[in-house]
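Read off the chains here:
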Amino acid sequence: MKTRDLAYVALFAAITAVLGLLPPVPVPGIPVPITAQTLGVMLAGSVLGARRGALALLVFLAVVAVGAPVLSGGRGGLGVFVGPTAGFLYSWPVAAFVIGLLTQLTWRRFNLAWALVANLVGGVVVIYAIGVPVTSLYADIPLSAAFTGSLAFVPGDVVKAVVASVVAVAVRRAYPVIELPGRRATAG
């Protein structure tokens, strides 16, 4: 990995940490608050691509695991990986990878619509697919109740997906970070 790649990974881990400074918004009856940090997940995947985006979130989670209070609400340490929000944390590197992969697959025709598809699939569907069952398990509530409760987060996550998509398209135009391998010249 190049030094520049390491810098990008560290930058997006830091961006996700900074987004944790915004106070969480509690949702009545649900043990998972609304936070801005999923915006960092979406930005990492859509700006850095699959591999570096996922790595940025793995670095961020490693920082959380060693006890740094970088999660929304000043939380950190190993305890956050065994509570109701744990599944959402587990999903972040996977979501960034999926967003990045979808971004890379549509890179040559990447526009706001493709960016939005990538961010909604990875940043909403993947995160909920992993986070909701884990919330059900740790909160000891039926899966249907965890799913229904999570619907309160969808409007905010859609807004975050739109913001991340607009930023990703602007970054692609101004300073494309994702580098796709060029075509190899064929011997003739």
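Residues numbered from 1 in each chain as written. Predicted model: local features only at pLDDT ≥ 70, side-chain atom pairs only at ≥ 80, totals over all residues. Heavy atoms only, no water.

Turning next to the nonpolar core. Membership of the largest hydrophobic core comes to 41 residues, with the highest contact counts inside it found for Phe 60 and Trp 92. Of all the elements, helix H2 (residues 37-48) adds the most residues to this core, at 7 residues. Once residues lying within four places of it in the same chain are set aside, the contact partners of Phe 60 are Ala 13, Thr 16, Ala 17, Gln 37, Val 70, Leu 71 and Trp 92. Residues Ala 115, Ala 168, Val 169 and Ile 178 belong to the second largest nonpolar core, which totals 6 residues. (Core = buried A, V, L, I, M, F, W, Y, C linked by side-chain atoms within 4.5 Å. Buried < 20%, exposed > 50% of the residue type's maximum accessible area, 1.4 Å probe, protein only. Helix = DSSP H or I, 4+ residues; strand = E, 2+ residues; numbered from the N terminus. Contact = heavy atoms within 4.5 Å.)

Evaluation of the coordinates by the stated rule reveals 4 aromatic pairs. Residue placement shows Arg 109 over the ring face of Trp 114; its charged tip is 5.1 Å from the ring centre. Here the guanidinium or amino end of Arg 172 rests over the ring plane of Trp 107, the centre of that ring lying 4.6 Å away. (Phe/Tyr/Trp six-rings, centres within 6.5 Å; stacked < 30°, edge-to-face > 60°. Lys NZ or Arg CZ within 6 Å of the ring centre and 35° of its normal.)

Right, let's talk about helix H4 (residues 86-105) for a bit. If you check H4, its first and last C-alpha atoms are 29 Å apart, about what 20 residues at 1.5 Å a residue would give, namely 28 Å. The axis of H4 is deflected most strongly, by about 35 degrees, at Trp 92, and proline Pro 93 appears within four residues downstream. For H4, the complete set of buried residues consists of Ala 86, Gly 87, Phe 88, Leu 89, Ser 91, Trp 92, Pro 93, Ala 95, Ala 96, Ile 99, Gly 100 and Thr 103. Summarising the contacts, the buried residues of H4 are in contact with helix H1 (3-19), H2, helix H3 (50-65) and helix H5 (112-139). (Expected span 1.5 Å × (residues − 1). Bend = angle between axes of the 7 residues up to and from the residue.)

Our focus in this paragraph is the side chain of Lys 160. As for its placement among the helices and strands, Lys 160 is situated in helix H7 (residues 154-174). Not counting chain neighbours up to four residues away, the residues in contact with Lys 160 comprise Thr 35, Ala 36, Thr 38, Leu 39 and Met 42.

A word on the pattern of salt bridges. Under the criterion given, the structure shown has 2 salt bridges. For the salt bridge of Arg 52 with Asp 5, the shortest nitrogen-to-oxygen distance reads 2.8 Å. Of this pair, Arg 52 sits in helix H3 while Asp 5 is found in helix H1, placing the two residues 47 residues apart along the sequence. The class for Asp 5 is buried, based on a relative accessible area of 9%. Salt-bridge contacts for Asp 157 lead to Lys 160; the nearest nitrogen and oxygen are separated by 3.1 Å. Of the two residues, Asp 157 and Lys 160 are both situated in helix H7; the distance of 3 residues between them amounts to about one turn of the helix. Overall, the relative accessible area of 7% leaves Asp 157 in the buried class. (Salt bridge = Lys/Arg side-chain N within 4 Å of Asp/Glu carboxyl O.)

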